[in-house]
Structure formats: structure tokens, C-alpha cells
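Structural overview
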Amino acid sequence: MKRLYTPLLFVAFVMFLLGSCYYDSEEALYPSLSSACDTTNVTFSGKIAPLLANNCLSCHSNATAASSGNGIRLENYADVQARAAAIAGSVKQTGTYSPMPKNGGKLKPCLITQFDIWVSKGMLNN
Ligand code: HEC
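First, a word on what this report is: a plain description of the structure on this page. From a predicted model like this one, the values you see are computed outputs, not experimental measurements.

Turning our attention to the nonpolar core. Phe44, Ile48, Leu52, Leu74, Val80, Phe115 and Trp118 are the most contacted members of the largest nonpolar core, which totals 19 residues. Counting only elements with at least two residues in this core, the list comes to helix 4 (44–55), helix 7 (77–82), helix 8 (84–92) and helix 9 (109–120).

The subject of this paragraph is the packing of aromatic side chains. Tallied over the entire structure, the rule returns 4 aromatic pairs. Here Tyr77 and Trp118 contribute two aromatic rings whose centre-to-centre distance is 6.4 Å and whose plane-to-plane angle is 85°, an arrangement assigned as edge-to-face. Of this pair, Tyr77 sits in helix 7 while Trp118 sits in helix 9, and the two are 41 residues apart along the sequence. Residue Trp118 is classed as buried on the basis of its relative accessible area of 2%. Taken together through their ring pairs, the aromatic side chains of Phe44, Tyr77, Phe115 and Trp118 make up a single cluster.

Looking along the chain, the bond that leaves Met100 and enters Pro101 is cis, with omega of -5°. For Gln93, which is not glycine, the phi dihedral falls at a positive 55°. Turning to its location among the elements, Gln93 is positioned in the loop between helix 8 and helix 9.

Moving on to the site of the ligand. Near the ligand, the surroundings consist of 18 residues, among which Cys56, Cys59, His60, Ser98 and Met100 are the closest. Within the side chain of His60, an N or O atom sits 2.7 Å from a nitrogen atom of the ligand. Ser98 places a polar side-chain atom, nitrogen or oxygen, 2.8 Å from an oxygen atom of the ligand. In this structure the site holding the ligand corresponds to the largest pocket. Looking at the shell around the ligand, the element that brings in the most residues is helix 8, giving 4 residues. Here the residues of the shell around the ligand are counted per class, giving 10 nonpolar, 7 polar and 1 charged.

The iron atom of the ligand binds to the protein through His60 (NE2) and Met100 (SD); the donor distances cover 2.0 to 2.2 Å. Because the angles between the 6 donor atoms bound to the iron atom of the ligand fall within 85 to 178°, the donor set is best described as octahedral. Of the two residues, His60 sits in helix 5 (residues 57–60) while Met100 sits in the loop between helix 8 and helix 9, which places them 40 residues apart along the sequence. Owing to a relative accessible area of 10%, His60 belongs among the buried residues under this scheme.

Here is what the cut-offs are and how they apply
- Residues numbered from 1 in each chain as written.
- Predicted model: local features only at pLDDT ≥ 70, side-chain atom pairs only at ≥ 80, totals over all residues.
- Heavy atoms only, no water.
- Core = buried A, V, L, I, M, F, W, Y, C linked by side-chain atoms within 4.5 Å.
- Buried < 20%, exposed > 50% of the residue type's maximum accessible area, 1.4 Å probe, protein only.
- Helix = DSSP H or I, 4+ residues; strand = E, 2+ residues; numbered from the N terminus.
- Phe/Tyr/Trp six-rings, centres within 6.5 Å; stacked < 30°, edge-to-face > 60°.
- Near = heavy atom within 4 Å.
- Polar contact = N/O pair within 3.5 Å; in protein donor to acceptor, adjacent residues only side chain to side chain.
- 1 Å grid on protein atoms, 1.4 Å probe; cavity = no way out; pocket = protein on both sides within 12 Å on 5 of 7 lines; lining within 4 Å.
- Sits in = over half its atoms within 2 Å of the grid points.
- Nonpolar A, V, L, I, M, F, W, Y, C, P; charged D, E, K, R; others polar.
- Donors = N, O, S within 2.8 Å, 3.2 Å for Na, K, Ca; no water.
- Tetrahedral: all angles 85-135°; square planar, octahedral: opposite > 155°, others 65-115°.

Next comes the structure, spelled out in C-alpha cells:
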């Protein structure tokens, strides 16, 4: 009887250890729930212009483009609209375009999603 108990106890103990180490982070499992990405009110003035201002205009403003942004301006609506495909490609960093923001890591998924939504709704100047 004792011979049977020892391995059983061991298995139970290991399961207990594994069980107690299992860690669920709601944020990691469901990023969209906790970070509350606004996918309904995606306007140029409300979402796209701030996205570019916060992450891109240090190099791509009208003033800085010539010296730091390879001449690519992303400050005015018309310039952004004309380059929408390249912007989407560069922030997704999938290889076709130069990865952006340059030397700055990747944009948060929510911002990339919002840019896609703005494009899919016709790139309105709203
Ligand atoms: C530190 C400066 C810097 C920042 C910040 C930056 N860029 Fe750039 N960007 C450049 C330079 C320089 C180039 C020229 C290509 C290269 O050197 O990779 C470029 C090129 C581009 C291109 C053309 C890519 C191609 O392959 O045709 C796009 C589109 C672009 N940037 C968009 C953005 C967007 C959108 C952001 C913000 C999310 C951003 N950039 C942030 C410096 C920057």
C-alpha cells in the first residue's frame, strides 16, 4: 500500500505546483478589453493627426522633413492622404516599406488599427 501512495502523492504535489504557477493576466490574454481601443470615433483630427504628431512629426513635419524625414511630410491632411499606403506599410513593419517610427520601436496595435479604419472609411478630412 505504501508503494502506491508515494508516487500518487508525488503526482499530486507536482500538479499542485504546476497549478499554483499558472498565471492569467487578463491584459495579456485580451489586450482589446483592457486597453479600450476606440474603433468607432476614428477621425483625422481626433486620432490620425495626434498619432502622427506624437510619433512621426519630429522627423516628418513641414519644418523637419527636409533634414530628418527624407523629405516626406506628414503634417498636412493632403500629404498624409497621398502617402496612406506607405504609412500603413511602414508602421506595420512587414518589410515592404522602411519600418517606422524610425529607431523608435513599433506603434501600439490600437494606433495601427485606427489608421487602417481611417483608410477603410475613405480617408476623410474630418
Ligand atoms: C527619427 C526620424 C523619423 C521618425 C520619428 C519617423 N520617420 Fe519616417 N522616415 C524617416 C527617414 C529618415 C525616412 C527615409 C527612409 C529611411 O531612412 O528609412 C523615412 C521614411 C518614411 C516613409 C517612406 C517609407 C518607404 O519605404 O517608402 C514613410 C511612409 C514614413 N517614414 C512614415 C513615418 C511614420 C508614419 C512615422 C511615425 C509613426 C515615422 N515615419 C517616423 C525618419 C523618421
